[in-house]
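# Geometric and topological summary
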Number of protein chains: 4
Amino acid sequence: MSENKMTFEALHERMLKAPFHRWLGLELKELNDDGIKVAVKWREEFVVNAERGYTHGGILATVIDIAADYALAAKLGRPVPTIDIRVDYHRPAKGNLIVEARPIRLGAAFCTAEAEVYDESEKLVASGRGVYASGN
Amino acid sequence: MSENKMTFEALHERMLKAPFHRWLGLELKELNDDGIKVAVKWREEFVVNAERGYTHGGILATVIDIAADYALAAKLGRPVPTIDIRVDYHRPAKGNLIVEARPIRLGAAFCTAEAEVYDESEKLVASGRGVYASGN
Amino acid sequence: MSENKMTFEALHERMLKAPFHRWLGLELKELNDDGIKVAVKWREEFVVNAERGYTHGGILATVIDIAADYALAAKLGRPVPTIDIRVDYHRPAKGNLIVEARPIRLGAAFCTAEAEVYDESEKLVASGRGVYASGN
Amino acid sequence: MSENKMTFEALHERMLKAPFHRWLGLELKELNDDGIKVAVKWREEFVVNAERGYTHGGILATVIDIAADYALAAKLGRPVPTIDIRVDYHRPAKGNLIVEARPIRLGAAFCTAEAEVYDESEKLVASGRGVYASGN
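Because the structure is predicted, anything quoted here is derived from the model rather than measured.

For the rest of this paragraph, the subject is the overall build of chain A. The helix and strand inventory of chain A stands at 3 helices and 8 strands. Helices and strands in chain A line up, N terminus first, as α-α-β-β-β-β-α-β-β-β-β. Scaling as 2.2 N^0.38, a compact globule of 136 residues should have a C-alpha radius of gyration of about 14 Å, and chain A matches this with 14 Å. Principal-axis analysis of the C-alpha atoms gives chain A an extent of 45 × 25 × 25 Å. Across the 136 residues of chain A, 50% fall into the buried class. Partitioning the intrachain contacts of chain A with sequence separation of at least 6 by distance along the chain shows that 63% fall at a separation of at least 24.

Written out as structure tokens, the structure reads:
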């Protein structure tokens, strides 16, 4: 993969400019040449099933979209608009989460990136992919 | 399409059992034989771009998933787990939203449903589809 | 939707320039302001299950991609490269097929279109959607 | 990942039972614990753009679906029906192709698998994922 155009600090700061990202409690944990890791701190509003405490699939789709976008941002110098996303749900999710994301393809007009969501026991709970508009 | 197994009141009440659905400010507006309409009340935490006030794509993906699921719930008698979703983003979204959803296919093991998100000027801002596990 | 930029004859002729489209036996049946209809003539190489005579899902994905692309071509004046497709399989498919397709969104950089595949008894066998690169 | 339930020979033989797979010229090249590799021999009917010799995206979607399905078949003992597929196109494809596929999640009711398509210069030309019905 190509070199990063953003430092860890710049990427983290950029990520937290969005009010929704702050509400989600996102924290950039790692940036390397291959991609990023983002922590998502559980909050009770995330819950879809109050008895079991499962996190809503919409939260999982959201953090996949964000992590994939910021894996691209590291390479492009800025986050870029999402064209579409696809998300597969593998297991019910509970508690804090870790999202790992990486670019698949960097193009002048369109980029593709993918991400996986893991729970605290390192089980894969969801995974997905987005296509992003990298043209002006 | 087959008959509805849930009344408007039962579907609305079921939808609001989920803490995340209450945080999203969802309101069932219509239930007919073809599908449902759900209103989403804007809140400032939804915002991705503070200067322009755009709603985050994760919120749009979430309400597509929920509306598609509850369009199936009306036919099946209960919401069912999402297997996967696909979302296309068409335009930046602002303010309150309306989501329209309908079943595409009702199966014993798997169901498909789709949804569109409109803003207050009735512009299509996003659309998508989910596959849901209707088996036990 | 906007006006068509290609006549029925021009669109049909353009569609049959591709060797794979000719092998598939495609025939443009209808072009109107909302979209197109394409007929697919069954051939025995399509079959995945020799005992039951079911058509392969790859053929269904292919004709969804083509019909969605040519529904856009009618509006844009030319077919455009596919960025991604998503296909849902609803029922086993047999025999000749009809594909209906229409644009969802026409944009300067990318366009979205969707299509459904029906069998000869007018049952929906598959449906899907593609995103296409309409920029230069 | 779990153990394979099919040998290389049994999987290859099963793959070639489908008339469409034979037409595609598929050849199983590798089966290990993580997944499979399948070779696709170019034929002139694959072509979408006669001047440039590009292979049709429908062929790429097809071989992604098949390779993902047979990566699951190795674990399950049989190929299983596709529920949906998602395919991203990264570069124009020419000539013979190699498809690599692996299971993402094995479940009692549904399974997820992914695949990538490479050309002879080992460039990634397309990638995608399918969800498959593993219940009876």
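At an RMSD of 0.0 Å, chain D and chain C line up after a rotation of 180° and a shift of 0.0 Å along the axis. Viewed as a symmetry operation, the transformation between the two copies matches a two-fold axis. Judged by C-alpha distance, Arg-86 of chain D is the residue of chain D that lies nearest the rotation axis, at 2.2 Å. By residue overlap, the copies meet face to face through one surface: 100% of the interface positions of chain D are interface positions in chain C.

On to the interface of chain D and chain C. Chain D puts 26 residues into the contact, and the matching count from chain C is 27 residues. Mapped by element, the contributors of at least two residues to the side of chain D that touches chain C are helix H2 (19-23), strand E3 (47-49), helix H3 (57-76) and strand E5 (82-89) of chain D. The residue makeup of the side of chain D that touches chain C, split by class, is 14 nonpolar, 5 polar and 7 charged. For strand E5 (residues 82-89) of chain C and E5 of chain D, the ladder comprises 5 bridges, and the chain directions are antiparallel. Following the sheet pairing, Arg-86 of chain C is matched in E5 of chain D by Arg-86 of chain D.

Turning to the environment of Glu-30 of chain D, a few remarks are in order. Residue and element names in this part refer to chain D. Locating Glu-30 in the fold gives a position in strand E1 (residues 26-31). Overall, Glu-30 belongs to the partly exposed group, with 13 C-beta atoms counted inside 10 Å. Taking the C-alpha atoms as reference points, Glu-30 and Ala-108, separated by 78 residues in sequence, lie 26 Å from one another. Apart from residues no more than four positions distant in its own chain, Glu-30 is found in contact with Ile-36 and Lys-37.

Glycine aside, a negative phi is what most residues show, and trans is what most peptide bonds show. Despite not being glycine, Glu-122 of chain A shows a phi value in the positive range, around 65°. As for its placement among the helices and strands, Glu-122 of chain A is situated in the loop between strand E7 (110-119) and strand E8 (124-133).

As a further point, take the relation of the copies chain C and chain B. At an RMSD of 0.0 Å, chain C and chain B line up after a rotation of 180° and a shift of 0.0 Å along the axis. Residue by residue, 100% of the interface of chain C is reproduced at the interface of chain B, so both copies engage with the same surface.

This part takes up the sheet that holds strand E2 (residues 36-40) of chain B. Read across the sheet, 12 strands follow the order E1(A)-E2(A)-E6(A)-E7(A)-E8(A)-E5(A)-E5(B)-E8(B)-E7(B)-E6(B)-E2(B)-E1(B) without closing on themselves; strand pairing throughout is antiparallel. Either end of the sheet is taken by a strand with one partner, and the two such strands are strand E1 (26-31) of chain A together with strand E1 (26-31) of chain B. Neighbour-to-neighbour, the strand axes of this sheet turn through a mean angle of 20°, independent of strand direction. Here E7 of chain A runs beside E8 of chain A; their pairing, made up of 9 bridges, is antiparallel. Of the residues in E8 of chain A, the one forming a bridge with Val-117 of chain A is Ala-126 of chain A.

Ordered in space as E1(C)-E2(C)-E6(C)-E7(C)-E8(C)-E5(C)-E5(D)-E8(D)-E7(D)-E6(D)-E2(D)-E1(D), the 12 strands form an open sheet in which the pairing is antiparallel. Two strands close off the open sheet at either side, each with one partner strand: strand E1 (26-31) of chain C together with E1 of chain D. Across this sheet, the average inter-strand angle for adjacent strands is 20°, counted without regard to direction. Sheet topology note: the E1 of chain D/strand E2 (residues 36-40) of chain D ladder contains 5 bridges and is antiparallel. Bridge pairing in E2 of chain D links Leu-31 of chain D to Ile-36 of chain D.

Before going further, it helps to spend a moment on the interface of chain C and chain B. Listed per partner, the contact involves 8 residues of chain C and 8 residues of chain B. Elements that contribute at least two residues to the side of chain C that touches chain B include exactly E5, strand E6 (97-105) and strand E8 (124-133) of chain C. Broken down by class, the residue content of the side of chain C that touches chain B amounts to 2 nonpolar, 3 polar and 3 charged.

The subject of this paragraph is the packing of helix H1 (residues 8-15) of chain D against H3 of chain D. Residues and elements named next belong to chain D. Closest axis-to-axis distance for the H1/H3 pair is 11 Å, and the angle between their directions is 135°. One way to sum up the angle between H1 and H3 is to call them oblique. The handedness of the crossing between H1 and H3 comes out as right-handed. Across the interface between the two elements, Leu-11, Arg-14 and Met-15 of H1 pack against Tyr-70, Ala-73 and Ala-74 of H3. Grouping the amino acids of the contact of H1 with H3 by side-chain chemistry returns 5 nonpolar, no polar and 1 charged.

Okay, the pairing of strand E6 (residues 97-105) of chain D next. Residues and elements named next belong to chain D. Extensive coverage of E6 is indicated by the burial of 7 of its 9 residues. In this sheet, E6 lies alongside E2 in antiparallel orientation, the contact comprising 5 bridges. Paired with Lys-37 across the two strands is Glu-100, which belongs to E6. Here 8 bridges tie E6 to strand E7 (residues 110-119), and the two strands are oriented antiparallel to one another. Across the sheet, residue Pro-103 finds its bridge partner in E7, namely Ala-113.

Basis of the calculations
- Along each chain, residue indices are assigned from 1 in the same order as the chain's sequence is written.
- To label them, take the chains in the order written and letter them from A, then take the ligands in the order written and number them from 1.
- Since the coordinates come from a predicted model, pLDDT governs what is reported: local features require at least 70, and pairs of side-chain atoms require 80 or more to be given and counted, while whole-chain, interface and lining totals use all residues.
- Under the DSSP-based scheme used, a helix requires at least four consecutive residues in state H or I and a strand at least two consecutive residues in state E, with every element numbered from the N terminus.
- Radius of gyration: over C-alpha atoms. The globule rule applied is 2.2 Å multiplied by the number of residues raised to the 0.38 power.
- Neighbour counting defines burial: a residue surrounded by 20 or more other C-beta atoms within 10 Å of its own C-beta is buried, one with 12 or fewer is exposed, and intermediate counts give partly exposed, using backbone-placed C-beta atoms.
- The contact rule is simple: place each C-beta atom from the backbone, and if two of them lie within 7 Å, those residues are in contact.
- Here the copies are matched by least squares. The fit uses the C-alpha atoms of residues with pLDDT of at least 70 in both.
- Residues were grouped as follows: Ala, Val, Leu, Ile, Met, Phe, Trp, Tyr, Cys and Pro as nonpolar; Asp, Glu, Lys and Arg as charged; and all remaining residues, including Gly, as polar.
- Strand pairing is defined by DSSP finding a minimum of two bridges between the two strands.
- Think of each axis as a best-fit line through the C-alpha atoms, taken over the contacting stretch in the case of a helix, with angles from 0 to 180 degrees between the N-to-C directions.
- Each angle is binned into one of four classes, with values under 35 degrees roughly parallel, values over 145 roughly antiparallel, values of 65 to 115 roughly perpendicular, and all other values oblique.
- By definition, any crossing whose near helix is turned counterclockwise from its far helix by less than a right angle is left-handed, and any crossing with a clockwise turn is right-handed.

From the geometry alone we can't say anything about function, so treat these as descriptive.
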